[in-house]
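One letter stands for each residue in the lines below.
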Amino acid sequence: MTRCKKNCSSIFFFTTLATFTKFYSDGHHWSFGWVLFYAENLAFGKIVLKIMATPEQEFDQALQFAEEVREKVLAFLEGISQSESESKPGPEVWSMSEIAHHLLLSEQRLSQQILESIAHSREGEFNRDEVLAERPFPLEDTADTGKSGKGTAPKPTQPSPGLPIAGLLLDLRQARDETRAKLLPLRSRPLGNLWWEHPRFGAMNLYERIRMSGYHDLKHLKQLERTADQAK
């Protein structure tokens with residue numbers, strides 16, 4: 001029976017290793033780029049398996065997510081006329097052109113915040129376990145105001161009304177190109193232990209900050225869809 005337990009533990013360990021490796025190679029994104037697996041094994045004691053993503057993989061996954069959502073926003077706005085873009089469901093609600101301008105202003109702050117964090121953040125400034133314990137909800141929930149609540153846009157990102165939607169589309173594309181160009185030199189740097197602190201959502205590492213721009217776009221894409229429906 002003892003030998004069976006040892007053999008079974010070993011088989012279980014290596015089967016799990018193969019499964020995790022297959023999932024990871026198939027392109028699944030593991031939060032923070034790592035998976036910890038603990039197996040109690042009579043022959044080896046406690047085994048800790050740590051599968052690490054490279055900085056390049058972490059960076060590519062974060063930027064790809066942000067860019068996929070941005071493309072959805074742009075595709076939606078391309079079908080909006082100037083008159084539609086200026087229509088407002090209510091006095092306290094942004095028009096679609098104002099939402100687009102807000103996204104543009106936010107985009108211009110993205111690379112600035114990341115570069116400033118790299119310049120001033122101390123590696124290990126925050127403890128990952130403590131950050132996760134204090135985080136009121138997963139960062140992806142920030143795309144849903146029903147879960148994360150509504151905030152107030154910082155003054156530098158508050159939009160102006162009546163801007164040409166065609167010009168905003170061009171500016172959004174150009175701003176993302178500029179962001180990509182500024183961030184790509186960081187692709188091989190480990191950004192997972194460098195931090196930026198959001199005034200509402202708390203500390204996040206710089207990979208999360210890049211993904212956060214995608215969650216922000218997704219939140220406002222839903223707002224664009226609601227505004228378009230209300231304008232009909």
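Residues numbered from 1 in each chain as written. Predicted model: local features only at pLDDT ≥ 70, side-chain atom pairs only at ≥ 80, totals over all residues. Heavy atoms only, no water.

Undergrad: Describe the side chain of Glu107, and please don't skip the residues or the numbers.
TA: For Glu107, the position within the fold is in helix 4 (residues 96-120). Among the polar contacts made by the side chain of Glu107, one reaches the side chain of Arg70 at a distance of 3.1 Å. Polar contacts involving the side chain of Glu107 include one to the side chain of Thr179, which spans 2.7 Å. Sequence-distant contacts of Glu107, that is, excluding residues within four places in its chain, are made with Arg70, Ala175, Arg176 and Thr179. (Helix = DSSP H or I, 4+ residues; strand = E, 2+ residues; numbered from the N terminus. Polar contact = N/O pair within 3.5 Å; in protein donor to acceptor, adjacent residues only side chain to side chain. Contact = heavy atoms within 4.5 Å.)

Undergrad: Report on the pattern of salt bridges, specifying residues and quantitative values.
TA: Evaluated as defined, the whole model comprises 12 salt bridges. Residue Arg135 pairs with Glu208 through a salt bridge whose shortest N-O separation is 3.2 Å. One end of the pair, Arg135, is in the loop between helix 5 (128-134) and helix 6 (145-148); the other, Glu208, is in helix 8 (residues 206-231), and 73 residues separate them in sequence. For the pair Arg135 and Glu208, one class covers both residues: buried. Each of Arg70, Glu107, Arg176 and Asp217 takes part in one network of salt bridges that share partners. (Salt bridge = Lys/Arg side-chain N within 4 Å of Asp/Glu carboxyl O. Buried < 20%, exposed > 50% of the residue type's maximum accessible area, 1.4 Å probe, protein only.)

Undergrad: Lay out helix 7 (residues 165-183) in plain terms, naming residues and giving numbers.
TA: Here helix 7 spans 27 Å end to end across 19 residues, near enough to the 27 Å set by a 1.5 Å rise per residue. Taken as a whole, helix 7 has its buried residues at Ile165, Leu168, Leu169, Leu172, Ala175, Arg176, Thr179 and Leu183. For helix 7, the angular spread of the buried residues around the axis is 130°, confining them to a single face. The exposed residues of helix 7 that point more than 90 degrees off its buried face are Ala166, Leu170 and Ala181. For helix 7, the elements touching its buried residues are helix 2 (55-78), helix 3 (82-86), helix 4 and helix 8. (Expected span 1.5 Å × (residues − 1). Arc of directions from axis to C-beta.)

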